[in-house]
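Read off the chains here:
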Amino acid sequence: MHLAGVTIRELLRLPVLKDAKVISGEKGLSRIVRFVDIMEVPDVEGWLREGELLLTTAYSIRHDTALLSELVEQLVQAGAAALAIKPERFIYDMPLEMIKVSNHHNLPIIELPSGVPYMDITHSVMEQIIDKQASLLRRSDEIFKTLTTLVLENSGIQAVADNVSALVKSPIWVIDKSGETIVSSPSTLASPQTRDNTRCWDITVDKQFVGKLILNKEQLDDLEVVCVEQARLVFSLELMRRKTVLDTENKLRGDFIEELLTGLPFSKQEVESKGAKFGLMPGWIWEIAIIEAENCLFDEGSPFLMQLHERLKQELPKGQIKAHIHKQGQRLVLLLASPRLEDSSINQTLSHENSESWKQIFTPLIEEQSGICIGFGEKCFLWEVQRSYLEAKKSIMIGMRMEKHGKVFMFKEIEMFQMLLDAADYINMDTFVEKKIGMLCQHDKENGTDLVSTFYYYLASGGSLIHTANHLFIHRNSVKYRMNKIRDIVGIDLENFRERFVYYCCLTYHLLKK
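All of these numbers come straight from a predicted model, not from anything done at the bench.

Draft legend 1. Main features of the overall build of the protein chain. Secondary structure summary: the protein chain contains 17 helices and 16 strands in total. Radius of gyration (C-alpha) of the protein chain: 38 Å, far over the 24 Å computed for a compact globule of 514 residues. With the C-alpha coordinates of the protein chain rotated into their principal frame, the extents come out at 120 × 60 × 35 Å. A burial count over the protein chain gives 45% of its 514 residues as buried. Restricting the contact set of the protein chain to residue pairs at least 6 apart, pairs at least 24 apart contribute 65%.

In structure tokens:
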């Protein structure tokens, strides 16, 4: 923050400068003076400061008055306030080029009366600056106490915003990283638009950028600048407090979700009570989706995670649908909800049929990435989410075995395969499968071929040579050759639906067990 200062116009009203004359650069009389210095040597480059009033007799450059124009240029580049000269002793005429440069850049050149000592000028100017700074510091302390008291008394971020807006006499917004409005004053303001008369300042929490403070005001005086700096600090404190509360809530919610997924013996009433506290509406229908991928995709701030949150945010307003993301090792567990059919207060179009659109919502995002897949469990009540969680895990496990290049799996699509595996615990499936495809497996083992997979994908695709070739990344003629070989080995009649079904079940069981 800049030190407070006074304008050239204000300084010219001081008794010590009552006889001073403005030679040029009158349009710059509103420039702020924060320092005062005296020039005794010709080389001042590197020593000039922003807001500086430079006093000189020009003695050191009296033999080359053209250097005065260069001095004015240097003052302009440094952001100095003005140049004050006692010309009578060493300079009789002000160079026209210097006056031209002064007027062009609106940097005032002031002619000082010869009888006034520098000490009197510097003392009077610094007294004005120090008084202004002391007043500003007192006011700054008052503003800080007022705003921090609002935070400490938990008055809310809206009360802080209203006070800041009143202090700077301007509408304000605080927006987050994505541009969404956190708070505005007045509270009814629309989202801020980028305009010439808006200014913004970054807000950080734990040295991380979290948002911006935006003012609908182009020019600020010193007190308003101080107010903005204090407001940034107080908004940081308020956002840090909110972040702490949110982190604590997320931690408790995450623990509760983990307890639900692990199947702790909660009663229905306990689940409903805790779920309501954490925003997991027990009156809605839930389903679990699991996303598995390389761990780096789930790092905080990763592009994928940001896209996932954005996709959910786009869908949430469409029908009050809730969603929660729970990180679990190298996977993300998504709790996705849809309103119940009997809830008449919610749009009926978001019932059972539309709630299945979660697959359509996530499929484009998943397919954009490599090394990632998602599995969906069946819909359930909140107290039954462990079942949906296990189904989502099984859908990935079985789906990846049955379709190694697949990315999106639904439990309802692999449920029969799970039943086939479960039935094998009570029925001697292995003997029957060996009788049907044992010779085919032996041929693959002895010759390094892949006839079993070819046979499976051929039957799974309804006998399509092209689809089978695409699955195996081979030419369709290669598939045709392999199918002829398979006919010779197992003796199947591919025109017979019952035989195709039997072999499909055997091949599925074999691949799952394998």
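We are not done yet, so read on.
Draft legend 2. Examining the environment of Asp162 more closely. You can see Asp162 is positioned in helix 5 (residues 157-168). Exposure remark for Asp162: the relative accessible area of 35% places this residue in the partly exposed category. Linking Asp162 and Ile172, residues ten residues apart in sequence, is a C-alpha distance of 8.5 Å. A polar atom in the side chain of Asp162 sits 2.6 Å from the side chain of Ser185.

Draft legend 3. Representation of helix 14 (residues 451-460) within the structure. Counting buried positions along helix 14 yields nine of ten residues, so the element is predominantly enclosed. Where helix 14 is buried, its residues touch helix 11 (385-402), helix 13 (429-447), helix 15 (465-472), helix 16 (476-490) and helix 17 (497-513). Looking one or two residues beyond helix 14, the residue adopting positive phi is Gly462, at roughly 75 degrees.

Draft legend 4. Here's a closer look at the packing of helix 2 (residues 66-78) against helix 3 (residues 96-105). The interhelical angle for the contact between helix 2 and helix 3, taken along N-to-C directions, is 15 degrees, at an axis separation of 8 Å. Classed by the angle they form, the pair helix 2 and helix 3 counts as roughly parallel. At the point where helix 2 passes helix 3, the crossing takes the right-handed sense. Here Leu68, Ser69, Val72, Glu73 and Val76 of helix 2 lie close against helix 3, whose contacting residues are Glu97, Met98, Val101, Ser102 and His105.

Draft legend 5. Main features of the side chain of Thr7. Tracing the backbone through its elements, the reader meets Thr7 in strand 1 (residues 6-7). Classification of Thr7 by relative accessible area gives buried; the value is 16%. The residues touching Thr7, leaving out its near neighbours within four places in the chain, are Leu29, Ser30, Arg31 and Ile32.

About the cut-offs
Each chain has its residues counted from 1, following the order in which its sequence is written. Where local features are concerned, this predicted model is filtered to residues with pLDDT of at least 70; where side-chain atom pairs are given and counted, the filter is 80 or more; whole-chain, interface and lining totals use all residues. The side-chain figures draw on all heavy atoms in the structure; neither hydrogens nor water molecules are used. Numbering goes from the N terminus for both helices and strands, where a helix is a DSSP run of H or I of at least four residues and a strand is a run of E of at least two. The quantity called the radius of gyration is restricted to C-alpha atoms. Its globule counterpart is 2.2 Å times the number of residues to the power 0.38. We call a residue buried when its accessible area falls under 20% of the maximum for its residue type, exposed when it is over 50%, and partly exposed in between, using a 1.4 Å probe and counting protein chains only. Throughout, a residue-residue contact means that at least one pair of heavy atoms, one from each residue, lies within 4.5 Å. Residues adjacent in sequence count toward polar contacts only when both atoms are side-chain atoms; beyond that, a polar contact is any pair of N or O atoms within 3.5 Å, and within protein one must be able to donate a hydrogen and the other to accept it. Each axis is a line fitted through C-alpha atoms, taken for helices only over the stretch in contact, and angles between the N-to-C directions span 0 to 180 degrees. For this classification, under 35 degrees means roughly parallel, over 145 means roughly antiparallel, 65 to 115 means roughly perpendicular, and everything else is oblique. Left-handed is the label given to a crossing in which the near helix is rotated counterclockwise from the far helix by less than a right angle, and right-handed is the label when the rotation is clockwise.

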